[in-house]
Amino acid sequence: MFRWLFLFIIIAIVEIYSFQAIRTISKSRVVLSVYLIVSISVIIFIFYQFSKFDRSVGQTQMSLFTLGLLLLVLVPKIIMTLFMFLEDVFRIFSGIITHFMGDNDSGNFLPNRRKFISQMALAIAAIPFTSLLYGMTKGKYNYKVIKQTLFFSDLPDDFDGFTITQISDVHSGSFDNPEKIQYAVDLINQHKTDLMLFTGDIVNTHATEMHPWIETFNKIDNHQYGKFAVLGNHDYGEYVTWSSQAAKDENFEAIKKVYGDIGFDLLLNQNKKIKKGSSEIAIVGVENWGKNFKQAGDLNKASEGLSNEDFKILMSHDPSHWEYEVKNHDKNFQLTLSGHTHGLQFGIEIPGIIRWSPVQYVYKQWAGLYENLGRYIYVNRGFGFHAYPGRVGIWPEITVFELKKAEKVA
């Protein structure tokens, strides 16, 4: 109850200040009335949908839309509120000064609001509004193929030039556009790599979320050296309330089966060796292990039978696993592939200039390539989306790697 009251107070403050900005710019009763009607209607709709949220069902298309709508209206209004609040601070200090100086001909303690400040607030607030709107309508399916060449001195000779495609964080329960998903699958197939790896989170919660998409994902071409996958934190069904442990367990088994239904070999704390010519490399797959998330991954079990000298590609959904266990592990995991962060689905990326997202303050490795003592992790930005039904600046990713034998990463 307190949480709802707190949220209501915050929204009320934001709405009052936002209305002040609109009223300063326009005196038209029609404009102000329309603004109030739309704002109140949106608030009622959002509160109503949140009140209907069913934890036994979890995220739905409607809850996705509702959260997107909340961000779409709230973030710009928070920016407007900040401008108006700072103007109020200035007006109060100005009023105090003029009061004690006796230089107040208008008779009002507070100076009038300045139209320029409200116009500037509205103009700046339009930036996140249009960005979030684009993210919800176009950005969430703005797939990017990122090519990454990795160099290793201990790569077996026969694997020099070996190619790998990685996807991660499909979150199929969020999809709403079959044509866009087919387009992404076509992008995967265009590159005809040797190996395909999927680093977890096939659904948001329920195995049934993937059922409408099985036929589409089955169109991913067979790869000469196989298609392997691991589980992500969402694949364990831990973010909803289940009627019984048996129902949760049944869903978990169904999710594991879904990976097989789309042609992926699911590695559950296991490793598989693939052979090319007279050489071998090991594909190691751990269950989810994350700082402050489920820790079902067992790195020692997954790497049984492997030596330090074996070249190993580790699939581990959560990059915090690399930070806390993998990067200094005695077994020497040369390359780790992860996902999980989605790059928060929001940020700024201009290659060679800037790469920023708020998620970097939580995860040291959140997008792209990182290195420690010659061991590397690549964090995929994710194929799908979750919670916020869009992407702004951090686009959905298909990664294509080429492994090369050389002394350093270029």
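Up top you'll find the structure we're talking about.
So, here is what we can say about the structure in this document. Only a predicted model underlies this, so the values are computations on that prediction, with no experimental measurement involved.

## Re the side chain of Gln365
Link 1 in the chain: Looking at the element boundaries, Gln365 is found in the loop between β11 (354-356) and β12 (368-372).
Link 2 in the chain: Among the polar contacts made by the side chain of Gln365, one reaches the side chain of Glu323 at a distance of 2.9 Å.
Link 3 in the chain: Here Gln365 is in contact with Pro319, Trp322, Glu323, Thr341, Tyr370, Ile377 and Val379, once residues within four sequence places are set aside.

## Re the sheet that holds strand β7 (residues 279-285)
Link 1 in the chain: Taken in spatial order, the six strands of this open sheet run β6-β7-β8-β9-β13-β12, and their pairing is mixed. Of all the strands in the sheet, the pair left with one neighbour each is β6 (270-276) and β12. Adjacent strand axes in the sheet meet at a mean angle of 20°, parallel and antiparallel pairs treated alike.
Link 2 in the chain: By the bridge criterion, four bridges tie strand β9 (residues 335-338) to strand β13 (residues 375-379) in an arrangement that is parallel.

## Things to note about helix α5 (residues 178-190)
Link 1 in the chain: An ideal rise of 1.5 Å per residue puts 18 Å on 13 residues; α5 measures up with 18 Å between its terminal C-alpha atoms.
Link 2 in the chain: Where the residues of α5 are buried, they touch β1 (144-152), β2 (162-167), β3 (195-198), α6 (214-217) and β14 (397-405).
Link 3 in the chain: Two to three positions downstream of the cap, the backbone nitrogen of Glu179 sits 3.2 Å from a side-chain oxygen, assigning the N-cap of α5 to Asn177.
Link 4 in the chain: Lys192, located one to two residues past α5, shows a positive phi value of around 45°.

## Description of a nonpolar patch on the surface
Link 1 in the chain: A cluster of nonpolar residues, Leu82, Phe85, Leu86, Val89, Ile92, Phe93, Ile96 and Phe100, forms a patch on the protein surface that exposes about 810 Å² of accessible area.
Link 2 in the chain: Take Val89: it is sitting in helix α3 (residues 61-101).
Link 3 in the chain: A residue is classified by how much of its surface remains accessible, and Val89, at 31% relative accessible area, is partly exposed.

## Some remarks on the pattern of salt bridges
Once their charged atoms are close, side chains differing in charge can pair, the charge on each being opposite to the other.
Link 1 in the chain: Here the structure, examined in full by the defined rule, presents 19 salt bridges.
Link 2 in the chain: The salt bridge partner of Glu87 is Arg113, with a shortest N-O separation of 3.1 Å. Within this pair, whereas Glu87 is found in helix α3, its partner Arg113 is found in the loop between α3 and α4 (115-137), the two being separated by 26 residues in sequence.
Link 3 in the chain: With relative accessibility at 17%, the residue Arg113 sits in the buried group.
Link 4 in the chain: Two residues, Lys327 and Glu323, come together in a salt bridge whose shortest N-O distance is 3.1 Å. With respect to burial, Lys327 and Glu323 carry one shared label: buried.
Link 5 in the chain: One continuous salt-bridge network, built from bridges that share partners, spans Glu87, Asp88, Arg91, Arg113 and Arg114.

## Description of the side chain of Gln334
Link 1 in the chain: Mapped onto the fold, Gln334 is located in the loop between α9 (320-326) and β9.
Link 2 in the chain: Looking at Gln334, its side chain comes within polar contact range of the side chain of Asp154, at 2.9 Å.
Link 3 in the chain: Among residues more than four places away in sequence, those in contact with Gln334 are Phe152, Asp154, Asn308, Glu309, Asp310, Phe311, Lys312, Gly374, Arg375 and Tyr376.

Here is what the cut-offs are and how they apply
- Residues numbered from 1 in each chain as written.
- Predicted model: local features only at pLDDT ≥ 70, side-chain atom pairs only at ≥ 80, totals over all residues.
- Heavy atoms only, no water.
- Helix = DSSP H or I, 4+ residues; strand = E, 2+ residues; numbered from the N terminus.
- Polar contact = N/O pair within 3.5 Å; in protein donor to acceptor, adjacent residues only side chain to side chain.
- Contact = heavy atoms within 4.5 Å.
- Pairing = 2+ DSSP bridges.
- Axes fitted to C-alpha atoms, helices over the stretch in contact; angles between N-to-C directions.
- Expected span 1.5 Å × (residues − 1).
- Patch = residues over 30% accessible without salt bridge, like charges linked within 9 Å, V, L, I, M, F, W, Y side chains within 5 Å.
- Areas by Shrake-Rupley, 256 points an atom, 1.4 Å probe, with all protein chains shown as cover.
- Salt bridge = Lys/Arg side-chain N within 4 Å of Asp/Glu carboxyl O.
- Buried < 20%, exposed > 50% of the residue type's maximum accessible area, 1.4 Å probe, protein only.

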